Amino acid sequence: MTEIKLPGTAGNAEGASGAGQAGNAGQAGHLAGASGAGQAGNLAGASGAGGPAGAGPDADGIPTVDYLLELGVEEIPAGYFGKAVEFLTDRLDRELRGARLSFSRMEVWGGPRRLALGLWGLTAMQPDVSEEVTGPPLSSAFDANGNPTKAAAGFAKGQGVPVSEIYTVTTPKGQYLAVTRKLTGKPCGEILAGAIPGLLASLPFPKAMRWGEGDFTFVRPVHWLLSVLDGEVLPMEFAGVRAGRVSYGHRFLAPGAVLVSGPGEYPARLAEAHVLVGFEERRQAVLDEIRRAAGGAGSDLSPDLDPELVDEVANLVEEPAAVMGGFDSQFLDLPLVVSATAMKEHQRYFPVMDHQGRQAPSFIAVNNTRARNMDTVRRGHERVLRARLEDARFYYLDDRRTPLADRAAGLDAVVFHRKLGSYAGKVERVARLASDIAQECAPEARDTAARAAALCKCDLLTGVVKEFPSLQGVMGREYALQDGEPKEVAEAIAEHYLPVRAGGALPATPAGAVLALADKLDTICGCFWVNEAPTGATDPFALRRQALGAILIILERGWRMSLEPHVERAVASLGPVPEKGRPVREIRGQILDFFNVRLKTHILAQGVSPDGADAVLSLHGAFPLASVQRAVALEGLKRREGFRDLAQTFKRVVNIIKKFGGREIPLNPGSLTLPAEHALLEAVTALDNESGGYLASGDFAGLLDRIASLKAPVDAFFEDVLVDDPDPELKKARVALLNRTASLFELVADFSRISTGWHAGRPPAVRGLPEFCRECRPDGHDLCRSQKDAAWPVPEPDWRAMTCAAKPGGRGMTCAA
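Residues numbered from 1 in each chain as written. Predicted model: local features only at pLDDT ≥ 70, side-chain atom pairs only at ≥ 80, totals over all residues. Heavy atoms only, no water.

Chemist: Run through the overall build of the protein, naming residues and quoting values.
Modeler: Of regular secondary structure, the protein possesses 25 helices and 22 strands. The buried share among the 817 residues of the protein stands at 49%. Pairs at least 24 apart in sequence give 70% of the contacts found in the protein among residues at least 6 apart. Counting every atom, the protein has about 36,600 Å² of accessible surface; 51% of that belongs to carbon and sulfur. (Helix = DSSP H or I, 4+ residues; strand = E, 2+ residues; numbered from the N terminus. Buried < 20%, exposed > 50% of the residue type's maximum accessible area, 1.4 Å probe, protein only. Contact = heavy atoms within 4.5 Å. Areas by Shrake-Rupley, 256 points an atom, 1.4 Å probe, with all protein chains shown as cover.)

Chemist: Any chance you could break down the pattern of salt bridges for me, citing the residues and the numbers?
Modeler: The tally for this structure, following the rule as stated, stands at 45 salt bridges. In this structure, glutamate 491 engages arginine 477 in a salt bridge whose closest nitrogen and oxygen atoms are separated by 3.4 Å. Here glutamate 491 is found in helix 13 (residues 487-495), whereas its partner arginine 477 is found in helix 12 (residues 474-482), with 14 residues between them in sequence. The class of arginine 477 is partly exposed, set by a relative accessible area of 27%. Residue arginine 706 pairs with glutamate 690 through a salt bridge whose shortest N-O separation is 2.9 Å. Residue arginine 706 is found in helix 22 (residues 700-708), and its partner glutamate 690 is found in helix 21 (residues 675-697); the two are separated by 16 residues along the sequence. (Salt bridge = Lys/Arg side-chain N within 4 Å of Asp/Glu carboxyl O.)

Chemist: Can you break down the sheet that holds strand 7 (residues 167-171) residue by residue, with the values?
Modeler: Strand order across the open sheet formed by three strands is 6-8-7, with antiparallel pairing between neighbours. Strands with a single pairing partner mark the edges of an open sheet, and in this sheet they are strand 6 (129-137) and strand 7. Strand-to-strand twist in this sheet, taken as the mean axis angle between neighbours without regard to direction, amounts to 45°. Pairing between strand 6 and strand 8 (residues 174-183): seven bridges, direction antiparallel. Note on strand 8: the bridge partner recorded for valine 129 is leucine 183. (Pairing = 2+ DSSP bridges. Axes fitted to C-alpha atoms, helices over the stretch in contact; angles between N-to-C directions.)

Chemist: Explain helix 9 (residues 423-441) to me, and be specific about the residues and the numbers.
Modeler: For helix 9, built from 19 residues, the straight-helix expectation of 27 Å at 1.5 Å per residue is met to within 8% by its first-to-last C-alpha distance of 26 Å. Listing the buried residues of helix 9 in full gives Tyr423, Ala424, Lys426, Val427, Arg429, Val430, Leu433, Ala434, Ile437, Ala438 and Cys441. Buried residues along helix 9 sit in contact with strand 19 (415-417), strand 20 (421-422), helix 10 (446-455), helix 14 (510-529) and helix 16 (563-572). Sitting at the head of helix 9, serine 422 places a side-chain oxygen 3.3 Å from the backbone nitrogen of alanine 424. (Expected span 1.5 Å × (residues − 1). Polar contact = N/O pair within 3.5 Å; in protein donor to acceptor, adjacent residues only side chain to side chain.)

Chemist: Lay out unusual backbone geometry in plain terms, naming residues and giving numbers.
Modeler: Residue proline 499 is reached from leucine 498 by a cis peptide bond, and omega for that bond is -5°. Of note, proline 499 is situated in the loop between helix 13 and helix 14. Unlike most non-glycine residues, arginine 348 shows phi in positive territory, near 60°. Structurally, arginine 348 can be placed in the loop between helix 7 (336-347) and strand 17 (349-353).

Everything listed is a geometric property; what it means functionally is a separate question.
Encoded structure:
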């Protein structure tokens, strides 16, 4: 299996603004134009020049090589690394495997001025393959005298073979001309040189820039490109820079060129030049430096090692050097969250606590270089932080002059959305929604939620929140407590923004959960109302995150609620539709579908198959908690022996109902006369009487067990009863009985949506098709019938070896598309 090591993803900040962080000095002039091995003689520290003669053959005797790529740029924002690394490794893996090349290991390195990738055991040459290409149908290939037509001759010419080498093949569509074309393998270097510049150009950075006189855009100006295959330069060009075997060390401590001959020596050669290219190694070095600066194990001081900040700083430095500074104790009067935010967000400094867990008048800054006089560096950090704390203290003291509740009137002048009005209007809508949600789900929190709703947006008018926007809600809690508001109200104010990120904390109090759900519903419904729903990769209002957050709140609180009535009320409170031609019912449907997509993602994460999730959500998607419980219970039943027959039985019921239009036909038990009819009616009536208890308790596994017991009487019904009876009244009664039977199945899911093919019930780990084969079968369910007897799970190599029947020469699992 391929080993791919990815560096961690730092926070969302785009770079350090404080003194001492990754330097902004201009790149040395000798960085550009380092192309070709011929420059090696003048390079500093070029020990090991020349590199290995070759990586040697693999276990099967196939020659392999190693490859190293490094892109050198100006400082990249710390938050940009994660997606770029993920994209590069995934796309290059696909390119190589699609080109019939394999490798034993891939490793990625990175830092503020570089992104690098190493491949070990890369197949040196593509294997030769034979590919069958189909052409025109046989019926149009020859004329009445048996001579080739222009279609046949053109096909042969296009494939570079004489007409005599054409043969016929039988396909599901009939007989077609075909030819076997031999593809001669290319050297891996030719594949890499053709693919890598395009991959680098398409790296998904949030922002790009131009430099110089050209029109090329990239995240930052490119200064060098290292590309070494088997110890030799692999020629290519990117952003006007030609590849060589040269990298560069630390901007200040070792700015000279470094010769590198392959991925095996790359980390060590760069470490000699004061650059730690491994993210984990660099992160650990940051932690070690912070602890050293704090005084070591015997110190009474304990730095606040915020993991996100540690990750961010690790992607801002090449070799960390920490220093401890101090500030005036008068700033300890500030709430800890204010001073800590001033340190972390603006300066990337680490607050320090004393042995009692209180904030100490100290901080730790991590620098990108170790200066000759670190005292000078420390004093610079202290001056910068003092200015930040002075600003924070001014805003905080000014805020305290006005009670939080008195700021509510000012919300009328703050725009929430240009088409949805002010925050005052939003607060009114959220308060009404919160009251309705609390009445249904948490009556004990109704009064608390109402008071918190009135205050929840007031801190947007405070100076501290304007200076530190991330403290919205947090400062509302702080000021509410200082104004004498109940603790429950203050907590709800802070919690109504939660969760603030994927995997983030959820509201811990009932009132906070009620208010958070109401706020998210109002925002989502409002944006859909004004036709500003997310499209593609754009989601400026983070509606996807808010919808998932709302679902997670409902699930975590165990609320057996439906979203539908609350969406209806939220939409109704928005007034007239701002655009004509958009029916209100359609907008509500779009909103519920939007929630359903997020809910499906969550359900799939529980190990539920896609068809099982769809079967549940098609009927019960408005009930998040019950939908998850239904889907998990259904998946458990699907994996049991006999499920396929049960699903087929239900599908037969549904098909007959559709055929005779029986969904609206009332049941007249007096028309039923046969024993099989009465047996099914008794079984259905008994389950109907019991179903309420199962639904109320959420015991869908038990309900499914009882539903499964209907199979025997349903099968007997089909065996002994003719539904399409000449007597119209008898026919209606029998269809109505089946309709009532179907309604019991539908208490859990629409079984007609469940796949009952040969592959149903296989383990989730091997369900579906590899990503690169889904172009011909997007749903990834139906695999080739020739594989239906294969044992599960199919071994990984077998998946990759199979070919795509819908695309000659394609790769991936064979499919029946």
